[in-house]
Amino acid sequence: MTATSGPVAGAPPRPQRPSLSLVLPCRNEARNLETLLPLLLARVAKLAERWEIVLVDDGSTDDTAAVMQRWAAKPGFRAVQLSRNFGKEAALTAGLRHTSGEVVVSMDADMQHPPSLLEEMLVHWRQGADVVYAVRANRDDEGLIKRVGTRAFYRLLNAFEGFDVPPDGGDFRLMDRAVVDALLSLPERTRFMKGLYAWVGFQAVALPYVPGERAHGKTHFNYRRLVSLSLIGLTAFTTWPLRLATVIGMLVAFFSMLYGVFLTVAYWLWGNEVSGWTTIVVGVALLLGIQMVLIGIVGEYVGRIFEEVKARPLYVVKDVHGQGLTGR
Ligand code: UDP
Ligand code: MG
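Scope of this entry: the structure provided in the associated data block.

Conventions adopted
- Residues numbered from 1 in each chain as written.
- Chains lettered and ligands numbered in written order.
- Predicted model: local features only at pLDDT ≥ 70, side-chain atom pairs only at ≥ 80, totals over all residues.
- Heavy atoms only, no water.
- Salt bridge = Lys/Arg side-chain N within 4 Å of Asp/Glu carboxyl O.
- Helix = DSSP H or I, 4+ residues; strand = E, 2+ residues; numbered from the N terminus.
- Buried < 20%, exposed > 50% of the residue type's maximum accessible area, 1.4 Å probe, protein only.
- Core = buried A, V, L, I, M, F, W, Y, C linked by side-chain atoms within 4.5 Å.
- Contact = heavy atoms within 4.5 Å.

Let's talk about the pattern of salt bridges
Consideration 1: On inspection of all chains with the given rule, the structure shows eleven salt bridges.
Consideration 2: As a salt-bridge pair, Arg214 and Glu29 come within 2.8 Å of each other at their nearest N and O atoms. Placement of the pair is Arg214 in the loop between strand E7 (204-209) and helix H8 (223-237) and Glu29 in the loop between strand E1 (20-26) and helix H1 (30-47), with a sequence separation of 185 residues. Of the two residues, Arg214 and Glu29, both sit in the buried class.
Consideration 3: With its nearest N and O atoms 2.9 Å apart, the salt bridge here joins Lys88 to Asp108.

Here we look at the nonpolar core
Consideration 1: By size, the foremost hydrophobic cluster in this structure holds 38 residues, and its most contacted members are Leu20, Leu22, Leu24, Leu40, Ile53 and Met121.
Consideration 2: The residues touching Met121, leaving out its near neighbours within four places in the chain, are Val105, Val132, Ala134, Phe172, Arg173, Leu174 and Leu207.
Consideration 3: In terms of nonpolar packing, the next biggest core, distinct from the first, is built from 28 residues, Val104, Val135, Leu183 and Phe237 among them.

Here's the deal with the environment of Lys310
Consideration 1: Along the chain, Lys310 turns up in helix H10 (residues 277-310).
Consideration 2: For the pair Lys310 and Arg189, spaced 121 residues apart in sequence, the C-alpha separation works out to 9.3 Å.

As structure tokens, then:
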């Protein structure tokens, strides 16, 4: 966790009231939007003279699109409708591309990210922080399996690469325009956002917060999706599993060679009575298992390469409503 205080030496002073963009990826959040947007509107109008709220409809099946379009008729609101569900990370990227504020804040639409934090985030930005990310003050609400899994994942992710992905930093974060531009300049299709945030760097401040309860609906991330997201994150941001595969291969080859020498010498000394069926079966099964795991690891990376090489766009925009940035 990095923390800074005070302005960066030599940097020009930051405006007291920068133009502010909020980005909310939404999938089936119609009911939450109806509660959240009035709250946000009241707060944002106080915080900034020029502001916008960019809503992204990530292929919702409820009336999220209709709610958004109604709001997009009001000044300051913008609704970006994707042509289908592309996943939160793509929706967030789409939203970021449609912002133009000097300061951008991304947050969930389900009321878990308290709007009351915005003010404090801005205070840190004025003091020179380029990124202010909210970290969950506790994970008590999560089950043991999820907590252990999360810890293991970040251990693996942060083992050896040149930058650290903070475990508790989510998508509730304020970013300076420079950071957003850096994020958007990354060409990769694998949008493991937590990794990308860490990769672009900049001066970051962590801000603890207590997430609220999801007001309506339920989480979109079940265990299967979390595991899949973890594998994507690992293969997109680390190459050590490939190195590990090589090392394991070398070790196995080395011990096989030793065993071969031992068997040859034993044959010269004592002959061969053709027993050792167990040894053969166990050996073959074990080596086959190891080999398959290693091929699987290589396969994960080949899959990543395939996704990138196809170079498809991250998302398809169906239409955009509303003007965006407004002023009083
Ligand atoms: N979301 C999205 N596309 C998806 C899944 C989720 O845009 O395919 C949005 C969702 O509407 C919410 C945010 O991403 O605003 C976080 O989703 P959720 O609350 O389900 O995740 P959790 O809080 O459990 O991590
Ligand atoms: Mg949520």
